[in-house]
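Summary of the model geometry
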Amino acid sequence: MKKLSTTFFLASAVCLAIALIAGFVAGLPATGPFLILMFLCLAIGMNQEEKLKGYSFTMVIFMAVTAAMFYPSLFTAVGTFQTKTLIVPILMVIMFGMGTSMSFKDFMGVILMPKGVIIGLLCQFTIMPFLGYGLAKLSGFPPEIAAGIILIGCAPSGLASNVMNYIAGANLPLSVTITMVATLVAPVMTPIMMKLLADQLVDVSFWAMLLDIMKIVFIPTIAGLIFNHFFHGKFKWLDKSLPIASMAGIGAVITIITALGRDSLLSIGITLVLLVIVHNTFGYLLGYWTSRLAGMDEQSCRTIAIEVGMQNGGLASGIAVGMGKVATMGLAPAVFGPFMNISGSILATWWRGRPVAGAETVK
C-alpha cells in the first residue's frame, strides 16, 4: 500500500509539473487536463494512507471543481436537459440518508443534555448568520452573491460536523443531537434569519423558503427516521450504499453549481475564498469561546465549535435553486463546503491528538 501511494503521489507531482510547463507554453486552458489528473492521483494516493484517507474525498471534490471550471458546458446541460434540476432531488436523497442514521432514541439527547443543545443552537443561529452579514457587507460583491454568504451562515449544521466530532473524540451524542434539532428547526429559523439579514440584498419570501426547506430537509429526514425505526438492519445493502450516494451527491451538487457560476467565480474567486476562510475560522473560534464563557466543559466546547463552524452547504444550495439564483447565491455555499471539510479535518485531527483528560458527556 505504501509503495502504491508513493507512486500516485509522484504521478501527481509529475502532472503538476506538466501543468506548469503547459501553462507557460500554451496558456492557462492547456493546464486543465493535467490539474484534473493531479487531483485524481492525490485522491487515490491519500486513500491508500490511513492518516490521509479522510482527505481523499476532498481531493475528488477539487478534481470535480477543476473540471467544472475548465469545461463548464459538460456539467450545466446534457442535450436539452438542465443539470440544475437534479440539485433538489439529490439533496432530498442525502437528507433521507441523514434521517436513516437517526433514531427516536436520539431525541432523548435533548432531555439529557439541554444546556449543551440550547447553547449549540443559539450559537448556530446567531454567530454564523451575523458573521455572514458582516462579511457580505464588507465584500462589495453584487447583491445576490453577497446574499449567498449570509445564506450559508443561516443554514444549520450537517452530517459532516458529526463525522469531524467523531474524529476529534469530542462529545458525539451532543453533536448528533445539535445537528438533528438544528435540521428540524431550520425550516423556521433559516427563513427568519434570511428575512432579517438578507432582505435588503434579495427579495426573501419567508413562506416560499420555509416550504422549500420543508421539501428538501424536513420531509426526507422524517421519512428516513421512520424508515430506520421500522426497517433498521433489514436492508444492509442500503445501509452501505447511502453514505456513498451522499458523498457522490454532494460532489455532484458542488460541481454543477461551480459550472453554473464559473464566470462569476473567475472574477471574484480569490476574494470569495478569503471570505469563506474567515467565516469558517471565526465560526470555530466564536463557537468554542462562547461555549467556554457559558461554562461548558472542554469536550463540549470543542463539539459546539465544530457544529457552528461547519454548515449544511447542500441545503443552502437547494435554497438558492428554489429562489432561481443558484449561479449567484449558490457560489458561497459551493466554496464553503470543500473548504470546511479541509479545515474541519485538520481541527478534528489536532484535537484528537490532545484528548481531554477524564472527559465525560455533558450533563
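Residues numbered from 1 in each chain as written. Predicted model: local features only at pLDDT ≥ 70, side-chain atom pairs only at ≥ 80, totals over all residues. Heavy atoms only, no water.

**Let's talk about the overall build of the protein**
Each helix and strand counted, the protein has 17 helices and two strands in total. Taken over C-alpha atoms, the radius of gyration comes to 20 Å for the protein, in line with the 21 Å a tight globule of 363 residues would show. The principal-axis extents of the C-alpha atoms in the protein amount to approximately 65 × 50 × 45 Å. Counting the 363 residues in the protein, one finds 50% classified as buried. Counting only contacts in the protein whose residues sit at least 6 apart along the sequence, the fraction spanning at least 24 positions is 81%. Counting only carbon and sulfur atoms, one obtains 74% of the accessible surface of the protein, whose full area is about 16,600 Å². Side-chain charges of the protein comprise 20 positive and 13 negative groups, with the mean position of each set lying 6 Å from the other. (Helix = DSSP H or I, 4+ residues; strand = E, 2+ residues; numbered from the N terminus. Rg over C-alpha atoms; globule rule 2.2 N^0.38 Å. Buried < 20%, exposed > 50% of the residue type's maximum accessible area, 1.4 Å probe, protein only. Contact = heavy atoms within 4.5 Å. Areas by Shrake-Rupley, 256 points an atom, 1.4 Å probe, with all protein chains shown as cover. Lys, Arg positive; Asp, Glu negative; His and termini not counted. Charge placed at Lys NZ, Arg CZ, Asp CG, Glu CD.)

**What to know about the packing of aromatic side chains**
The full count for this structure, using the stated rule, is seven aromatic pairs. For the pair Phe70 and Tyr71, a centre-to-centre distance of 6.2 Å together with 45 degrees between the ring planes defines the contact as tilted. Overall, Phe70 belongs to the partly exposed group, its relative accessible area being 22%. For the pair Tyr288 and Trp289, a centre-to-centre distance of 5.1 Å together with 85 degrees between the ring planes defines the contact as edge-to-face. Through successive ring pairs, a cluster of aromatic residues spans Phe96, Phe227 and Phe231. (Phe/Tyr/Trp six-rings, centres within 6.5 Å; stacked < 30°, edge-to-face > 60°.)

**With respect to a nonpolar patch on the surface**
Among the surface-exposed residues, Phe104, Ile226, Phe230, Phe231, Phe235 and Trp237 lie close enough to one another that they form a single nonpolar patch of about 630 Å² accessible area. When residues in the nonpolar patch are grouped by element, the largest group, three residues, is from helix α12 (residues 206-231). As for its position among the elements, Phe231 is in helix α12. We classify Phe231 as partly exposed; its relative accessible area is 37%. (Patch = residues over 30% accessible without salt bridge, like charges linked within 9 Å, V, L, I, M, F, W, Y side chains within 5 Å. Salt bridge = Lys/Arg side-chain N within 4 Å of Asp/Glu carboxyl O.)

**Here we look at the side chain of Thr31**
Positionally, Thr31 belongs in the loop between α1 (2-26) and α2 (32-47). Since its relative accessible area comes to 6%, Thr31 is described here as buried. If we ignore the near neighbours within four places in the chain, the residues touching Thr31 are Ala19, Ala22, Gly23 and Phe70.

**Topic: the confidence of the model for the protein**
Averaged over the protein, the pLDDT score is 85; the fraction of residues at 70 or greater is 95%. Averaged over each element, pLDDT in the protein is lowest for helix α6 (residues 108-112) (66) and highest for helix α8 (residues 127-139) (95). (pLDDT = per-residue confidence, 0-100.)

**Digging into the pattern of salt bridges**
Within this structure, the stated rule accounts for five salt bridges. Across the pair Lys195 and Asp199 runs a salt bridge, and its minimum N-O distance is 3.7 Å. One salt bridge in this structure joins Arg262 and Asp263, with 3.5 Å as the shortest N-O distance. When its relative accessible area of 24% is taken as the criterion, Arg262 is described as partly exposed. In this structure, a network of salt bridges that share partners links the residues Arg292, Glu298 and Arg302.

**A closer look at the state of the cysteines**
Counted according to the given criterion, the structure contains zero disulfides. Cys15 forms no disulfide, and the closest cysteine sulfur to it belongs to Cys41, at a distance of 4.7 Å. Cys15 sits in the buried class, given a relative accessible area of 11%. (Disulfide = S-S within 2.5 Å.)

**A word on the packing of helix α7 (residues 114-124) against helix α15 (residues 298-309)**
In contact at an axis separation of 9 Å, α7 and α15 are set at 30 degrees when each is read in the N-to-C sense. In this view, α7 runs roughly parallel relative to α15, as classed from their interaxial angle. Note that α7 runs across α15; the crossing there is right-handed. Of the residues in α15, those in contact with Gly116, Ile119, Gly120, Cys123 and Gln124 of α7 are Ile304, Glu307 and Val308. (Axes fitted to C-alpha atoms, helices over the stretch in contact; angles between N-to-C directions. Parallel < 35°, antiparallel > 145°, perpendicular 65-115°, else oblique. Left-handed = near helix turned anticlockwise from the far one by under 90°.)

**Remarks on the nonpolar core**
Core analysis: the largest hydrophobic core is formed by 83 residues, its most contacted members being Phe141, Ile149, Met194 and Leu272. Per-element tally for this core: the top contributor is helix α11 (residues 172-198), with ten residues. Residues contacting Leu272, with those up to four places away along its chain left out, are Phe141, Ile149, Leu265, Leu331, Ala332 and Val335. Listed in part, the eleven residues of the second largest apolar core include Cys15, Phe39, Met46 and Met59. (Core = buried A, V, L, I, M, F, W, Y, C linked by side-chain atoms within 4.5 Å.)

**Structural notes on α11**
For α11, built from 27 residues, the straight-helix expectation of 39 Å at 1.5 Å per residue is missed by more than 12%, its first-to-last C-alpha distance being only 33 Å. The largest bend in α11 is about 65 degrees, located at Ala186, with the proline Pro187 one to four residues further on. (Expected span 1.5 Å × (residues − 1). Bend = angle between axes of the 7 residues up to and from the residue.)

**Focus on the packing of helix α9 (residues 143-154) against α11**
The contact between α9 and α11 brings their axes to 9 Å, and the two run at 150 degrees. The angle between α9 and α11 falls in the class roughly antiparallel. The element α9 and its partner α11 pack so that their crossing is right-handed. For the pair α9 and α11, contact is made by Ala147, Ile150, Leu151 and Cys154 and by Thr190, Met193, Met194, Leu197 and Ala198, respectively. Its residues assigned to classes, the contact of α9 with α11 comprises eight nonpolar, one polar and no charged. (Nonpolar A, V, L, I, M, F, W, Y, C, P; charged D, E, K, R; others polar.)

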